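Structure at a glance
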Amino acid sequence: MTARYSFGGDEHVFVEVSEEMSLGAFFKSLSLCRALKESAIRGVTEICPANASLQVKFNPDVIAPDDLLAEIEALEAATATVDPTLQTRIVEIPVLYDDPWTRETLMRFRERHQYPSGTDLDYAARINGYSDAASFIAAHAGSPWFVSMVGFVAGLPFMYQMVERARQIEVPKYLRPRTDTPKLTVGHGGCFGCIYSVRGAGGYQMFGITPMPIYDPRQEIGYLKELMTFFRPGDIVKFKSVTREGYEEAVRDVEAGRFEPLIRPVTFDLRSFERDPVATNTDIEGVLHGH
Amino acid sequence: MAIEVLKAGLATTVQDLGRPGHYDVGIPLSGAMDRFALRVANMLVGNDEGAAALECVFMGPSLRFSTDALVAVTGAELPPKLDGVPRPTWTSFAVAAGQVLSFDYLRRGARAYVAVAGEIDVPLVLGSRSTYALGALGGLEGRALKAGDVLPVGLPGGAASVGQSVADDLRRGSQTATALRMMPGLYHHRVTPDSLDGFFADAWAVAPEADRIGYRFRGGRPLAFVDRRPPFGAGSDPSNIVDSCYPYGSIQVPGGTEPIVLHRDAVSGGGYFMLGTVISADMDFIGQLQPHAKVQFTPVTMDEALAARRERQATLDRVRKAMGAPIEGSDTARLAP
């Protein structure tokens, strides 16, 4: 996997680790971002990891573009041999699947959908080989997901399902994007899951909604007081299907300021995952519940 | 002191030079779309160049001042009026307590900057007063102004005086741009060479969907893509890529039909290929394009982009010199001697 470099105008370097998505490509992009941060190259103002690529913003008055390119290439070579483990955290995200709000929204935009006669869940279940929405939901909530990028809008996580490729959920985006998506919708497009951090336009299929705010520009919610966006690339997410009652209770807890997300530190080892994803996931999920 | 908003204008927001450092979590730079005009407006009233001012799009607001103030309007030719009496643009003028600042109709450009001595003193959020409306962040309650709002103004600190003006040849961006210089790259290999030539040859008109997030263009020929097997995770459309970061100024062309140039409130990433990036020196010009204005995209090299950058910087330095403003605090940090 040799990266491809390109300048994005006179202020950005774009590094494509791989044209296609894989956990390995994400890992390499994240490692390179971390190495870049540590090396604190003068003139570098922002380092943004993405799924299988990264972007470096720089000031060309401080560092010549070709000099920066050479520095990043040297770091790429140096990180190629880095131990593929990641100290990170696992977070449990409660989800009310097939909720009334995304259902109302998807009905409103049905003429923009590939499958106007059913819901987004029905469609995703069918094209991914599941007999019904319930078994699809069990798969969606059944494995952990890697946050492989944060962005598009403030705090929105792109998530990559941690199962072998043959089992990964894949769905096309809407034929034409919606002009509305409820805040905190759990969505999916291509091979990526997401959580919409704000209400707005969107093209991903909609599966449910979480009661857990992930972006708070007013910084009033306890766990978002320090940083207004919750997710960081490298976080691991485990969805937990909740009932309507469980959802309402969590919403009340959020409003009363007593909601605390379940978060545990965890070490992820790419080699062990590649050897045995099922056992590795079981270990990671065990951490969540104190095993 | 304070300013009462009598009429809001079309989409008037508080902007400074933005909040760098949070693009990795999807929070864009924001700040003035025409940074040169913002800097000059501030210099004219004795503020720091990066102070918060009002960015007015197409149509100005109507503002009543509670105390005496020093004001300057730069950028688009949106003529100010004080209690109905015309005042010049690119020139500082006095406002007396109780007077109403309003604007005549737009003559040229798209965005005017209204600086007030002491700056618009909304709270700092992540180090900036800029409004990022998509994220309901910064500015006044994270949104554009509306009638009835009251804008706090800080204490004037500078030594500016009434009647300071900028020479015509230093009013950068007051002529509408007809070409935007860009560096080809990123995913430009996704389209055929002939198709890319066509992209540069065609005239592109600004579409009505043009805002702080990005400017959409239409009118040129659709692009032809190089055949490929879709990479895993990219999506089936030939214009799709595995979702990546989007540089400021990057030109994406969803479906190969209508290019979108991302600007200061950019979405930080997504799944559409980009064929290059508008150079830093020309970003200010985009914010001054009106709907239906026609431009061509001109490919340039890195050396040409850097020369254009230096030229812009030199113009800014000439304005500073003319106004006795400090040369430090430039748009671009300088190399240590």
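Per-chain numbering applies: the sequence of each chain, read as written, is numbered from 1 onward. Think of it this way: whatever chain is written first is A, whatever ligand is written first is 1, and the rest follow in order. For this predicted model, a pLDDT threshold of at least 70 governs which residues receive local features, and a threshold of 80 or more governs which side-chain atom pairs are given and counted, while totals over whole chains, interfaces and linings are taken from all residues. The basis for the side-chain values is all heavy atoms of the structure; hydrogens and waters are excluded.

**Re the overall build of chain B**
- Within chain B, the secondary structure is distributed over four helices and 20 strands.
- Here the C-alpha atoms of chain B give a radius of gyration of 20 Å, agreeing with the 20 Å that 2.2 N^0.38 yields for 337 residues.
- Its C-alpha atoms put chain B at 65 × 40 × 40 Å along the principal axes.
- Note on contacts: a residue pair is in contact if any heavy atoms of the two residues lie within 4.5 Å. A separation threshold of at least 6 residues defines the contact pool for chain B, and within that pool the share at least 24 residues apart is 72%.
- To measure how exposed things are, a 1.4 Å probe is used in the Shrake-Rupley method; for residues, cover is taken only from the protein chains shown. Of the roughly 12300 Å² that chain B leaves accessible, carbon and sulfur atoms contribute 54%.
- The charged-residue count follows a simple rule in which Lys and Arg add positive charge and Asp and Glu add negative charge, with His and chain termini not counted at all. Every charge is mapped to an atom, namely NZ of Lys, CZ of Arg, CG of Asp or CD of Glu. Within chain B, the 35 negative side-chain charges are centred at a point lying 1 Å from the centre of the 32 positive side-chain charges. A run of DSSP states H or I qualifies as a helix once it reaches four residues; a run of E qualifies as a strand once it reaches two. Both are numbered from the N-terminal end. The quantity called the radius of gyration is restricted to C-alpha atoms. Its globule counterpart is 2.2 Å times the number of residues to the power 0.38.

**A few points about the domain arrangement of chain A**
Residue and element names in this part refer to chain A.
- Domain start and stop positions are those given by an automatic or database domain assignment. The domain boundaries assigned to chain A delineate domain 1 (4-81) and domain 2 (87-288).
- When each unit is reduced to the centre of its C-alpha atoms, the spacing between domain 1 and domain 2 is 28 Å.
- Contacts between domain 1 and domain 2 engage twelve residues on the former and 15 residues on the latter.
- Here's the idea: put two parts together, see how much 1.4 Å probe accessible area each one loses, and the total over both is what we call buried area. Summed over both sides, the interface of domain 1 with domain 2 buries roughly 1200 Å², with 69% coming from carbon and sulfur.
- The largest contributions to the domain 1 side of the interface with domain 2 come from Met21, Leu23 and Asn51, which together make up 46% of the buried area.
- By definition here, a salt bridge exists when the distance from a side-chain nitrogen of Lys or Arg to a carboxyl oxygen of Asp or Glu is within 4 Å. In this structure, the connection of domain 1 to domain 2 is made through one salt bridge.
- Polar contact is the term for a pair of N or O atoms within 3.5 Å; when the atoms are in protein, one must be able to donate a hydrogen and the other to accept it, and sequence-neighboring residues count only if both atoms are side-chain atoms. Where domain 1 touches domain 2, the interface holds three residue pairs in polar contact (both at pLDDT 80 or more).
- The biggest single contributor to the side of domain 1 that touches domain 2 is helix α1 (residues 23-39), with six residues.

**So, the nonpolar core**
- We call a set of buried Ala, Val, Leu, Ile, Met, Phe, Trp, Tyr and Cys residues a nonpolar core when their side-chain atoms join them within 4.5 Å. Residue exposure (1.4 Å probe, protein chains only): buried if accessible area is under 20% of the type maximum, exposed if over 50%, otherwise partly exposed. Among the nonpolar cores identified, the biggest contains 171 residues, and Val13(A), Phe146(A), Phe239(A), Phe268(A), Phe217(B) and Phe297(B) are the most heavily contacted of them.
- Ranked by residue count, the leading element in this core is α1(A), at nine residues.
- Setting aside residues up to four positions removed in sequence, Phe268(A) forms contacts with Leu23(A), Phe27(A), Pro84(A), Thr85(A), Leu86(A), Phe146(A), Met162(A), Ile236(A), Phe273(A) and Ile284(A).
- Within the second largest apolar cluster, 29 residues are counted, among which are Ile3(B), Val73(B), Val95(B) and Leu140(B).

**What to know about the pattern of salt bridges**
- Enumeration according to the criterion identifies 41 salt bridges over all chains in this entry.
- Ionic pairing is found between Asp10(A) and Arg309(B), a salt bridge with its closest N-O pair at 3.6 Å. Separated into two different chains, Asp10(A) in the loop between β1 (4-8) and β2 (12-16) and Arg309(B) in helix α4 (residues 302-323) make up a pair that spans both.
- Taking the relative accessible area as the measure of exposure, Asp10(A) reaches 1% and is therefore buried.
- Two residues, Glu11(A) and Arg309(B), come together in a salt bridge whose shortest N-O distance is 2.8 Å. On the criterion of chain membership, the pair formed by Glu11(A) in the loop between β1 and β2 and Arg309(B) in helix α4 is interchain, its members lying in two chains.
- You can call Arg309(B) buried: its relative accessible area is 8%.
- Salt bridges linked by common partners bring Asp10(A), Glu11(A), Lys57(A), Asp61(A) and Arg309(B) together as one network.

**Structural notes on the UniProt feature "domain: Carboxyltransferase" (unreviewed entry) in chain B**
- Following the UniProt record, one finds the feature "domain: Carboxyltransferase" (unreviewed entry) at residues 24-315 of chain B.
- Structurally, residues 24-315 of chain B is divided into 13% helix and 30% strand, and its ends, taken at the C-alpha atoms, are 32 Å apart. UniProt positions are given in the numbering used here, feature names are shortened, and annotations may be inferred rather than shown by experiment.

**Observations regarding the sheet that holds strand β12 (residues 179-184) of chain B**
Residue and element names in this part refer to chain B.
- Each pair of strands is called paired provided DSSP finds at least two bridges between the two strands. Reading around the barrel, the seven strands line up as β12-β19-β16-β17-β14-β13-β20 and close back on themselves, with mixed pairing between neighbours. Taking the axes of each pair of neighbouring strands and ignoring which way they run, one obtains an average angle of 40° across the sheet.
- Pairing geometry for strand β13 (residues 204-210) and strand β20 (residues 294-299), over two bridges, is antiparallel. Paired with Ala205 across the two strands is Lys294, which belongs to β20.
- Set on the sheet, helix α2 (residues 193-201) makes contact with β12, β13, β16 (250-252), β19 (274-278) and β20; between it and β20 the angle comes to about 135°. Simply put, an axis is a line fit to the C-alpha atoms, just over the touching stretch for a helix, and the angle between two N-to-C directions goes from 0 to 180 degrees.

**A word on the packing of helix α4 (residues 120-127) of chain A against helix α5 (residues 133-140) of chain A**
Residues and elements named next belong to chain A.
- Where α4 meets α5, the closest approach of the two axes is 9 Å, and the angle between their N-to-C directions is 80°. The pairing of α4 with α5 is recorded here as roughly perpendicular in orientation. Across the interface between the two elements, Leu121, Asp122, Ala124 and Ala125 of α4 pack against Ala133, Phe136 and Ile137 of α5.
- When grouped by side-chain class, the residues that make up the contact of α4 with α5 number six nonpolar, no polar and one charged. Oblique is the label for every angle not falling under 35 degrees (roughly parallel), over 145 degrees (roughly antiparallel), or within 65 to 115 degrees (roughly perpendicular). Side-chain classes are defined by residue name, with Ala, Val, Leu, Ile, Met, Phe, Trp, Tyr, Cys and Pro counting as nonpolar, Asp, Glu, Lys and Arg as charged, and the others, Gly among them, as polar.

**As for the UniProt feature "domain: Carboxyltransferase" (unreviewed entry) in chain A**
- Those places that UniProt annotates as "domain: Carboxyltransferase" (unreviewed entry) correspond, in this numbering, to residues 3-231 of chain A.
- Spanning residues 3-231 of chain A, this segment combines 25% helix with 26% strand, and its end C-alpha atoms are found 26 Å apart.

**Considerations on the side chain of Ser239(B)**
Residue and element names in this part refer to chain B.
- Mapped onto the fold, Ser239 is located in the loop between β14 (214-218) and β15 (240-245).
- Looking at Ser239, its side chain comes within polar contact range of the side chain of Asp237, at 2.6 Å.
- Separated by 2.8 Å, the side chain of Ser239 and the backbone nitrogen of Gly255 make a polar contact.
- Not counting residues within four places of it along the chain, the set of residues in contact with Ser239 comprises Phe225, Val253, Pro254, Gly255, Gly256, Gly271, Tyr272 and Phe273.

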